[in-house]
Structures are given as structure tokens and as C-alpha cells.
Amino acid sequence: MQFFVSNIFETTFLVVCSMVMGLALPRPSHLQLEANAIIQSGWWNHSDGFDDSHSICSWRSIICNSAGSIVEIKCPSHETMTLFATLNLSVFKNLERLEFDGCLLEGTIPPEIGTLPKLTYLFLFNNYLYGEIPPSLDNLPKLTDLDLLNNILSGEIPTALGNLIQLESLIISGNNIQGSIPRELLLLKNLIILDLSKNQINGTLPIPLTNLTKLKILDISPNYISGEIPPELGQLSFLQNLDLSNNYLTGTVPPALQYVAGVKLSFNHLTGPVSQGLTEAELEGNEGLCSEYLYFQNRYHFQPCSALDNTRDNKVKHSLVIFFAILIFLIIALLLLLLYLRHIRFRNNNKLRKTTPTTKNGDLFCIWKYDGSIAYEDIISATEDFDMKYCIGIGAHGSVYRAQLPSANIVALKKLHGFETAVSTSDESFRNEVKVLSEIKHRHIVKLYGYCLHRRNMFLIYEYMENGSLFSVLYNDMEAMELDWRKRVNIVKGTAHALLYLHNDCPAPIVHRDVSTSNVLLNSKWEPSVGDFGTARLLNLDSSNRTIVAGTIGYIAPELAYTMVVSEKCDVYSFGMVTLETLVGKHPKEILSSLQSTSSYDGIGITLCDVLDQRLPQPTFSVLLDIVRLSIVAFACLNLNPSSRPTMKCVSQCFLSELTPINIPLREISLQQLMSQELMHYLKL
């Protein structure tokens, strides 16, 4: 009994002591939480600072206030990519400056960045950040400077940025931002710098821009901005630098812009006389502008203003004639409409009667771009049952035909080869292309309008590309000479953006598997679209992705011959081949074979300029700089080791960023230097 009581007493004593000690344990202080976040991020090398977390204010790139709380964090030295999310931002309640420029950060911008109430400077430029700009930034009421230059950010500009009323500088240049400019940005009345250049922004310029009374710099080039230039831009008295070049702006040049100091409106669709005070160089590339000086007409392709005035006079003279013609047309159209409605009712009734047996036979026909009156019979009629005179190309999976529909729209029909329609693999290829293309929406990927799965024929209905394939243009001397260096550079960049979209921005990553000059199609403006997804494959990151070899000989990545593992690096290799072929004017297999078979000494004398397409004049310095950039990228993409090739994300980022000055003359760069990839550091790949 005494032993039992003694044990109870000892147990009770231990419990009470442990409770007392537990209550006495100190909770981590705010300073300790900040220190823990810095240490646990793994960004700082302790050998360069101090191991004692209480001395963290003495660490490199960290500044504290008198109370020991961190108020400024700058980029520590990194040698490898670092995930942004590894730094817990939510504990830095006194942080005023966050300067992570050129910090080799990757990943998305964490939403916790909106929990820093005292933050005034946020610099995240020259990194590898992707994803959308977090709307939580509107929780930073004291923010004055926001710089996201040269990342891979996508999505639209958050309207929530309009809440940052203290903002003085907003820079989002060199990303993949889409959508229109939100009107909420006009609420930023303290804004001095607004730089949205080098993105894919569309829509019109928001008004009234006169709200931004302190604005000094406005740069929205190059993008896809359309509409007219708001005249009130010239009323911004502090505006010193206005760059709206390389867009799709229309209308006349507001006269008030002559009072703005370095204005750049080149390469738009502006019309009318050249405004006084603006130089022709600031307006070149606007073929609708006019000038009375013959020199400027020839150099900058401006029209004579006198001819433009005569055109206006003729339009006035014919206005009455046009008015009466329209009136007569409307009367006739009203009568025809009544007949047309009767015809549609009759045709729909016939179509309804035909639908049941067609469905029973397992046929499928779908048009989702045009009106529902188009039927299978219309396609057969437009091509005269796929007569060869309408054939404009033959590929591995089928033939392509040009067809003009009853609505006068011209489309391209890709019809599977007759012997393949009974084979299940071709049916799988057909359904695969429909599935992939129906989910894809990108400026540089061919548009799919509809499809037909019939017991006699299987075909896809595409957007018609007037200039055919890049392959056909390069191997036609006349068309190849029309494809100048600037157009070729833009074709390569557009193809890169399309592959980036497939690899990174689709709901599920897609590997094209057949990237070649035959599958890069050109519209009437020589703009590229990637097509032919018959061999495309969804990239399942949890599987081995093994497959039979698919693609075009001469563009297939070498590793597929022995591993048969599909990855995005297969497309990267093919893209490198397409890039070189575009610059050289022919397939580069002979050049690559000779470089691999000769010694490094033998290849020194052959320069890049020696192998460029000799049908074109030598490129100017500015264009040659882009060609050198493309060549360095191409040889990096052709690395025999797939893991050493850059991703399309890195390639696209390289095209958007500035090229580090090269310390050798551009025209003396040798193929051996490109082959050895010793120039890659100039691109920061």
C-alpha cells in the first residue's frame, strides 16, 4: 500500500512539473520567425554570413531596422534555379523593399506576397517566373514601384492593380501577358512609368488617359493594340517618351503628339499626312501615311498627299451614287430575304429527313465555325468529289485540298488517304487530331473549323493559309526571295511561341512530334501557324511515354532511334532543325554532317554569314543580331543530349530578352563556335 501511494505521489509531481514547464516555454518572437524564414529558405550560404540566427541582420543582402526587424531583402548570390515559394514571405510584416532582380527564381509568384503591408519596392525582373500575376498585390497599399520585366508571366493584367494608388512605376515588359489593358489602371494617378512592351496584349488604348497626369514614360510596343490613338495623349504635359510602335493602330496621327519629346509610332496602320514636328523615321512602316517629299515616299513607302486628296474628292463625288445604290440594294435584298427563308425552311426539312439514316450508319459530320446550312454534300460539290485539280499538298496521313464553300469562305480540307480510311490506326490519328486541335486556341497554331467522319471519307476542315508551307516557299526561288530576313526571324519566333503554348499552357502538355518546315504554314501576311497534329501526343508526366517513332525524317530527335521515349525535348530538336533550315534556305543536314566529321580547326574558317541563304542580300546589323541569336538557340536545341537542350520556355524567354553584347564581330562568328555552343552564355540559356 505504501509503495502504491508513493508511486501516485511521484507521478502527480512529474505531471505538475511538466505542466509548469510547458507553460513557461516562450513562444517564438516575431524576430525569430523572420530569422527562421530566412534560414529555412536555403537561399543564403551560412559560410558567407553567420550561423547565429540572432545575427541575421548582418547577413549579406539583408537590412534591418533599429528594432532588429527585416526591412529590406536583396537577391543573394545563386548558382542554380531556386523556387520562389521556398521563402515564407508572410512573416516579414515590416518589409519595405524586396529586390530579387536576376535572382534565378522560377515558379509562380506566391500569393503570400500580398501580406506585406509596408512594402514599397517590388523588383522581380530578369527571372524565370511564370503563371499569372497574383491579384493579391492589391493588398500592398504603400507600393510605389513594381517591376516584373523579362519573365514568362502569362494571363491578363489583374484589374486589382488599380487599387495601388501610390504606384509610380509599373513595368511588365518582356512577358507573355495577353488580354486588353484594364481601365482600372487609369486610377493610378501617381503613375510616372507604364511599360507593357513585348507582350501579346490586344484591344484598344483605354480612355481617358488624361487621368495619368504625372505620366512620363508610356511604352506598349510591340503588342497587338488596335483602334485609334486617343488625341488626349498630347495633353499629358509631363510625357517624355511615348512608344506605340509595332502594333495595329489605325486612324490619323493626333497633331498634339508633336509636343511629346523620343515618340515612336512606326510599323502600324496609320493614315493621313505626316504631322508637323514628327520625323519620318518615327512613323516608318505606316504605308497609309502621306508626304509631299519624294525622298520620304521612296524610303518610307509614304503615299503622295495629293493623290490621297484626289481619292477623297472622288469619294465625295460618288457618295450620292452609293447612297442610291444602297437604297436599291436594300429593296432587292428584302425581296430576296423572303425567298431565302423559304429556301432555308425547305432545305432544313430535307436535311432533317437525311439525318436519321446517316446517324444509324455511324457517320459524323460537324461544322462549328460556319452556319449550319453547310452539309457533307457541299464539301463534295466544292471539291468535285476531291478532284486532284483542287489538291494543294500531299502528306504522310492525307492530301490537302482547297475548297470554296457556298458562303464564299475558302478553307483547306485534309482528307485521309483512301486506303487508310479502313485502317483503325488512321481513324485513331484522325480522332486524335480533332481532339487536340479542338482544345487549342493560339495565334500561331492552325485553326480547326470542323470535321467529317463518313463511311466514304474522313477529312478535317482548316483555316486556309494562302502562302502554303514554309517548306514550299523555301524551295521556290521566287517566293524565297520574297521571304526576307525580318519575315524569317518572325516565322521562327512565332513557331517558338506556338510550341511553348503546346508544352506549357495547354490543360495537358502536348508534344507535336512532327515539327518540320512542311508543317509550318504561312498566311497572306507571312505569319506562321503550326499544323498537322496527326501524330501529336498528350505528355503524361507519370508515364514512360514510349511510342513508335513518328515524324518526318531529317527532323526526328536522334534519341528516338534507341529509347522511343517521347518528351518535349523531341520537339525542341525539331525546332532547331526548322530554325537552321529557315536561315540557310535548305535542310542543314550537309552542314551539320561536315561540322561533326571535321576537326575544330577545319571549321574555324566557315562563318555563319557564309551559309546563310545566298538568294537574299546580306542582312543589316540589327537583323544580323537577331539571326545570330536564332543561330545560337538552334545549335543549343540540336544538342545530342536531350537533357542539355533548352526548353521552349527558355527559348521564348531568350527571344524576348536583350542580347548580351558579343565581344567578337558578328560577321566573323564561325559555325564551329556555334557547334561548340561557346556563345550560349550571351543568351543566358
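Residues numbered from 1 in each chain as written. Predicted model: local features only at pLDDT ≥ 70, side-chain atom pairs only at ≥ 80, totals over all residues. Heavy atoms only, no water.

1. What about the UniProt feature "binding site: ATP" (unreviewed entry) in the chain?
Then step 1. The UniProt entry lists Lys 414 under the feature "binding site: ATP" (unreviewed entry), expressed in the numbering used here.
Then step 2. As for its placement among the helices and strands, Lys 414 is situated in strand E21 (residues 410–416). (UniProt positions renumbered as here; feature names shortened; annotations may be inferred. Helix = DSSP H or I, 4+ residues; strand = E, 2+ residues; numbered from the N terminus.)

2. Comments concerning the sheet that holds strand E11 (residues 193–195)
Then step 1. In space, the nine strands of this open sheet follow the order E1-E2-E4-E6-E8-E10-E11-E12-E14, with mixed pairing throughout. The open sheet has two edge strands, strand E1 (62–64) and strand E14 (241–243), and neither has a second partner. Neighbour to neighbour, the strand axes of the sheet diverge by 10° on average, direction disregarded.
Then step 2. In terms of strand pairing, strand E10 (residues 169–171) meets E11 through three bridges, oriented parallel. (Pairing = 2+ DSSP bridges. Axes fitted to C-alpha atoms, helices over the stretch in contact; angles between N-to-C directions.)

3. Looking at the nonpolar core
Then step 1. Among the nonpolar cores identified, the biggest contains 80 residues, and Ile 440, Leu 502, Phe 575, Ile 627 and Phe 655 are the most heavily contacted of them.
Then step 2. Broken down by element, the residue count for this core peaks at eleven residues, all from helix H13 (residues 621–637).
Then step 3. Counting residues in hydrophobic clusters, the runner-up holds 76 residues, among them Trp 44, Phe 100, Leu 209 and Ile 220. (Core = buried A, V, L, I, M, F, W, Y, C linked by side-chain atoms within 4.5 Å. Buried < 20%, exposed > 50% of the residue type's maximum accessible area, 1.4 Å probe, protein only.)

4. Some words on the state of the cysteines
Then step 1. Counted under the stated rule, the structure contains three disulfides.
Then step 2. A sulfur-sulfur distance of 2.1 Å marks the disulfide that ties Cys 57 to Cys 64. The chirality of the disulfide connecting Cys 57 with Cys 64 is left-handed, given an S-S dihedral of about -95°.
Then step 3. Relative accessible area serves as the criterion here: at 29%, Cys 57 is assigned to the partly exposed category. (Disulfide = S-S within 2.5 Å.)

5. Remarks on the environment of Lys 214
Then step 1. Summarising the element assignment, Lys 214 is placed in the loop between E11 and strand E12 (217–219).
Then step 2. Under the relative-accessibility criterion, Lys 214 is labelled partly exposed at 40%.
Then step 3. For Lys 214 and Ile 193, which are 21 residues apart along the polypeptide, the C-alpha to C-alpha distance reads 8.9 Å.
Then step 4. When near neighbours in sequence (up to four residues on either side) are disregarded, Lys 214 contacts Lys 189, Asn 190, Leu 191, Ile 192 and Phe 238.
Then step 5. A polar atom in the side chain of Lys 214 sits 2.9 Å from the side chain of Asn 190. (Contact = heavy atoms within 4.5 Å. Polar contact = N/O pair within 3.5 Å; in protein donor to acceptor, adjacent residues only side chain to side chain.)

6. As for a nonpolar patch on the surface
Then step 1. On the surface, Leu 320, Phe 323, Phe 324, Leu 327, Ile 331 and Leu 335 cluster together into a nonpolar patch covering about 650 Å² of accessible area.
Then step 2. Looking at the secondary structure, you find Leu 320 in helix H4 (residues 305–360).
Then step 3. Leu 320 sits in the exposed class, given a relative accessible area of 59%. (Patch = residues over 30% accessible without salt bridge, like charges linked within 9 Å, V, L, I, M, F, W, Y side chains within 5 Å. Areas by Shrake-Rupley, 256 points an atom, 1.4 Å probe, with all protein chains shown as cover. Salt bridge = Lys/Arg side-chain N within 4 Å of Asp/Glu carboxyl O.)

7. Considerations on helix H14 (residues 648–656)
Then step 1. Extensive coverage of H14 is indicated by the burial of nine of its nine residues.
Then step 2. All of the buried residues in H14 are Met 648, Lys 649, Cys 650, Val 651, Ser 652, Gln 653, Cys 654, Phe 655 and Leu 656.
Then step 3. For H14, the secondary structure elements touched by its buried residues are strand E7 (128–131), strand E9 (152–153), helix H9 (485–505), helix H10 (568–584) and H13.

8. Focus on the side chain of Lys 649
Then step 1. Its location among the elements puts Lys 649 in helix H14.
Then step 2. Although Lys 649 is buried, it forms no salt bridge, and the closest oppositely charged side chain is Glu 106 at an N-O distance of 5.1 Å.
Then step 3. Ignoring anything within four residues of it in the chain, the contact list for Lys 649 reads Tyr 130, Ile 152, Leu 500 and Asn 504. (Lys, Arg positive; Asp, Glu negative; His and termini not counted.)

9. Focus on the packing of aromatic side chains
Then step 1. In the structure shown here, the tally under the stated rule is eleven aromatic pairs.
Then step 2. For the ring pair Trp 43 and Phe 84, a centre distance of 6.4 Å and an interplane angle of 40° mean the geometry is tilted. Taken as a pair, Trp 43 in the loop between helix H2 (30–41) and E1 and Phe 84 in the loop between strand E3 (82–83) and strand E4 (97–99) lie far apart in primary sequence, 41 residues in all. For the pair Trp 43 and Phe 84, one class covers both residues: buried.
Then step 3. An aromatic cluster is defined as three or more aromatic residues linked by ring pairs; in this entry it consists of Trp 43, Trp 44, Phe 84 and Phe 100.
Then step 4. For Arg 402, the ring lying beneath its charged end belongs to Tyr 464, and the centroid distance is 5.4 Å. (Phe/Tyr/Trp six-rings, centres within 6.5 Å; stacked < 30°, edge-to-face > 60°. Lys NZ or Arg CZ within 6 Å of the ring centre and 35° of its normal.)

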